[in-house]
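Chains, contacts and geometry: an overview
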Amino acid sequence: MNKGIYIIIIFCGWLLLVQAGTKKKAIGGPDPYLLQLPANFPKPLYDFSRNPLTKQGVALGRFMFYDYRLSKDSTVSCGFCHQQFAAFGHFDHALAHGVAGQQGTRSVPVLFNMIWQKAFMWDGGVNHLEVQPLTPLTDRNEMAMDLKELLEKMQADRDYRSKFKAAFGSEEITSERMFKAFTQFIATMISAGSRYDSVMLKLPGAVFTEEEKAGYAIFQEKCAGCHKEPLFTDLTYRSNGLPYLPALNDVGRMKITGNTDDNLRFKVPSLRNILKSAPYMHDGRFFDIYQVFDFYDHGVQATVTTDPLVKKGIPLSDREKRQLYFFLNTLTDYTFINNQGLSEILID
């Protein structure tokens, strides 16, 4: 067998085509959606058996994600803050902002690979993927919508009734159905197609440059303790020695647990697409990745809860910073950022 063809066949085998849900399509019912899961990732934590993916359900979730009418004054959508070209983060604002110019206290987190997480938000304050949209929808600093009012607004819209019927079998619009549809769309936001992934899968012609290879070695030595492959996060909550900002008064996970040991702990973010998803840190204080390098090199302010892995800082020479930059660039997933199926303007 031709070696090139053999490698392609093996690669195809590495991509698991899974059907979310085991039931066949009912007559007149929605069509199953086939989700590609990368075989080098762990098993998703989200339970698809309770919310089988369908083409109509995903389409409904996508429609709602970009619908400005879901905010109080119809000026803000989910996609307004979660911009695809920024890996569904927000590139030009340090802090989340919403209706009437309101501003939050944290940066907009990126949205991808969410089905591998069991808790959400910077402090883990939401413990189920289907509940997560409730926070931005109702937060006064974001979309500021009353949930009952929102459901009534959607129920009065003929287009929404039609889309819910296509996805769920009837025109009834409930919060459960709405959140399930949101989740179906978010479940399709999978980022696993970077050049790093191609190298790890040993695809033909995929290799690191010498600079990237050196950067990968630096990453493994100095960063991988928290940013574990392949998700490039261990999904824990850590204090990284970032100087406290009194103006924001954000104590991190301690706000959720009430435990002083969690003071200033925030979720470890993924480094996938990191060069596309500035600003950085939970409060968006850094707009350039080299500011992050400099912080870890000489800006850590240790407290009693600062993680031991960074308590003394992470020394980085100028050469190492450059090499690390080149490696992080290999984590950019252009197939994800440019995926038309996730875009505001869908091209069939």
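Our subject is the structure listed above.
In this report, we go over the structure that sits alongside the text. (Residues numbered from 1 in each chain as written. Predicted model: local features only at pLDDT ≥ 70, side-chain atom pairs only at ≥ 80, totals over all residues. Heavy atoms only, no water.)

**Focus on the overall build of the protein chain**
How we decide: Labels follow the DSSP assignment, with helices taken as runs of H or I lasting at least four residues and strands as runs of E lasting at least two, numbered in each case from the N terminus. Both definitions apply: the radius of gyration is a C-alpha atom measure, and the globule rule equals 2.2 Å times residues to the power 0.38. Residues count as neighbours in contact if any of their non-hydrogen atoms are within 4.5 Å of one another. Using the Shrake-Rupley algorithm and a 1.4 Å probe, accessible areas are obtained, with residue cover drawn only from the displayed protein chains. A residue counts as positive if it is Lys or Arg and as negative if it is Asp or Glu; His and the chain ends are not included. The location of each charge is read from NZ of Lys, CZ of Arg, CG of Asp or CD of Glu.
Per the secondary structure count, the protein chain includes 13 helices and four strands. Relative to the globule expectation of 20 Å for 348 residues, the C-alpha radius of gyration of the protein chain, 21 Å, shows essentially globular dimensions. Projected onto its principal axes, the C-alpha coordinates of the protein chain cover approximately 65 × 60 × 35 Å. Of the contacts formed within the protein chain by residues at least 6 apart in sequence, a portion of 65% connects residues at least 24 apart. For the protein chain, the exposed surface amounts to about 17500 Å²; the carbon and sulfur share of it is 55%. The centroid of the 39 positive side-chain charges in the protein chain is displaced by 5 Å from the centroid of its 37 negative side-chain charges.

**Let's talk about helix α11 (residues 289-298)**
Cut-off, in case you're wondering: Exposure is judged per residue with a 1.4 Å probe applied to protein chains only, and the accessible area is read against the type maximum: over 50% gives exposed, under 20% gives buried, and values in between give partly exposed. The arc in question is the one traced by the directions running from the helix axis out to the C-beta atoms. Identification of polar contacts relies on pairs of N or O atoms within 3.5 Å, with a donor-acceptor requirement for protein atoms, meaning one able to donate a hydrogen and the other able to accept it, and with residues adjacent in sequence counted only if both atoms are side-chain atoms.
For α11, the set of buried residues is Ile289, Val292, Phe293, Phe295 and Tyr296. Buried positions in α11, seen along its axis, are confined to an arc of 160° and lie on one side of it. Of the surrounding elements, those touching the buried residues of α11 are α12 (318-329). Between the side-chain oxygen of the N-cap and the backbone nitrogen of tyrosine 290 there are 2.7 Å, and the N-cap of α11 in question is aspartate 288.

**Description of the packing of helix α2 (residues 55-65) against helix α6 (residues 158-168)**
As a reminder of what qualifies: For helices, the fitted line uses only the C-alpha atoms of the stretch in contact; every axis is such a line through C-alpha atoms, and the angle between N-to-C directions lies from 0 to 180 degrees. Handedness of a crossing follows from how the near helix is turned relative to the far one, being left-handed for an anticlockwise turn of less than a right angle and right-handed for a clockwise one. Residue polarity is assigned by list, with Asp, Glu, Lys and Arg as charged and Ala, Val, Leu, Ile, Met, Phe, Trp, Tyr, Cys and Pro as nonpolar; anything else, Gly included, falls into the polar class.
Viewed as axis vectors pointing N to C, α2 and α6 meet at an angle of 150°, and their least axial separation amounts to 8 Å. For the element pair α2 and α6, the recorded crossing hand is left-handed. The residues of α6 that touch α2, namely those facing Gln56, Gly57, Leu60, Phe63 and Met64, are Asp159, Tyr160, Lys163, Phe164, Ala166, Ala167 and Phe168. Class assignment for the residues of the contact of α2 with α6 results in eight nonpolar, two polar and two charged.

**Points about helix α7 (residues 175-187)**
The following threshold applies: For a helix, the expected span equals 1.5 Å multiplied by the number of residues minus one.
Here α7 is 13 residues long and its end C-alpha atoms lie 18 Å apart, about the 18 Å a rise of 1.5 Å per residue gives. The element α7 is extensively covered by neighbouring structure, given that eleven of its 13 residues are classed as buried. Those residues of α7 that sit buried are Arg177, Met178, Phe179, Lys180, Ala181, Phe182, Thr183, Gln184, Phe185, Ile186 and Ala187. In this fold, the buried residues of α7 make contact with β2 (34-38), α2, α3 (78-81), α4 (134-138), α5 (147-155) and α6.

**Examining the side chain of arginine 62**
Convention followed: Every case where a carboxyl oxygen of Asp or Glu lies within 4 Å of a side-chain nitrogen of Lys or Arg is listed as a salt bridge.
For arginine 62, the position within the fold is in helix α2. No salt bridge is formed by the buried arginine 62, whose closest oppositely charged neighbour, glutamate 344, lies at an N-O distance of 7.7 Å. A polar atom in the side chain of arginine 62 sits 2.7 Å from the backbone oxygen of glutamate 344.

**Some thoughts on the packing of aromatic side chains**
The condition that has to hold: Pairing of aromatic rings covers Phe, Tyr and Trp, the last through its six-membered ring, and needs centres within 6.5 Å; plane angles under 30 degrees mean stacked, over 60 mean edge-to-face, and all others mean tilted. Distance and angle both matter: a charge sits over a ring if NZ of Lys or CZ of Arg is within 6 Å of the ring centre and within 35 degrees of the ring normal.
Within the structure shown, the criterion is met by 26 aromatic pairs. For the ring pair tyrosine 290 and phenylalanine 293, a centre distance of 5.3 Å and an interplane angle of 75° mean the geometry is edge-to-face. Taken together, the positions of tyrosine 290 and phenylalanine 293, both in helix α11 and three residues apart, correspond to about one turn of that helix. The class of tyrosine 290 is partly exposed, set by a relative accessible area of 31%. Three or more aromatic residues joined by ring pairs make a cluster, and in this case those are Phe65, Tyr66, Phe88, Phe112, Phe185 and Phe336. Over the aromatic face of phenylalanine 63 sits the side chain of lysine 163, whose NZ or CZ is 4.5 Å from the ring centroid. The side chain of arginine 253 reaches across the aromatic face of tyrosine 237, ending 4.3 Å from its centre.

**A few points about the nonpolar core**
Test applied: By convention a nonpolar core is built from buried Ala, Val, Leu, Ile, Met, Phe, Trp, Tyr and Cys residues, the set being connected through side-chain atoms within 4.5 Å.
Ranked by internal contacts, the top residues of the largest apolar core, which has 49 residues, are Met64, Ile115 and Met178. The biggest single contributor to this core is α7, with seven residues. Once residues within four sequence positions are removed from consideration, methionine 178 is found in contact with Met64, Leu137, Leu147, Leu150, Leu151, Met154 and Phe164. Counting residues in hydrophobic clusters, the runner-up holds 32 residues, among them Phe208, Ala278, Val300 and Phe327.

**Observations regarding the environment of threonine 75**
Residue position: threonine 75 is located in the loop between α2 and α3. When the C-alpha positions of threonine 75 and lysine 153 are compared, they lie 15 Å apart, and in sequence the two are 78 residues distant. Beyond its immediate sequence surroundings of up to four residues, threonine 75 is in contact with Tyr68, Phe80 and Val99. Looking at threonine 75, its side chain comes within polar contact range of the side chain of aspartate 73, at 2.5 Å.

**Quick notes on the side chain of arginine 253**
If you trace the backbone, arginine 253 turns up in the loop between β3 (237-238) and α10 (254-257). For the buried arginine 253, which has no salt bridge, the nearest side chain bearing the opposite charge is aspartate 262, at an N-O separation of 4.6 Å.

**A word on unusual backbone geometry**
A cis amide bond links glutamate 229 with the next residue in sequence, proline 230, at an omega value of 0°. In this fold, proline 230 is placed in the loop between α9 (210-222) and β3. With an omega of 5°, the peptide bond between alanine 278 and proline 279 qualifies as cis. Looking at the secondary structure, you find proline 279 in the loop between β4 (266-267) and α11. The phi torsion at serine 74 lies on the positive side, around 60°, for a residue other than glycine. Mapped onto the elements, serine 74 comes out in the loop between α2 and α3. The phi dihedral of asparagine 273 falls on the positive side, at around 60°, and the residue is not glycine.

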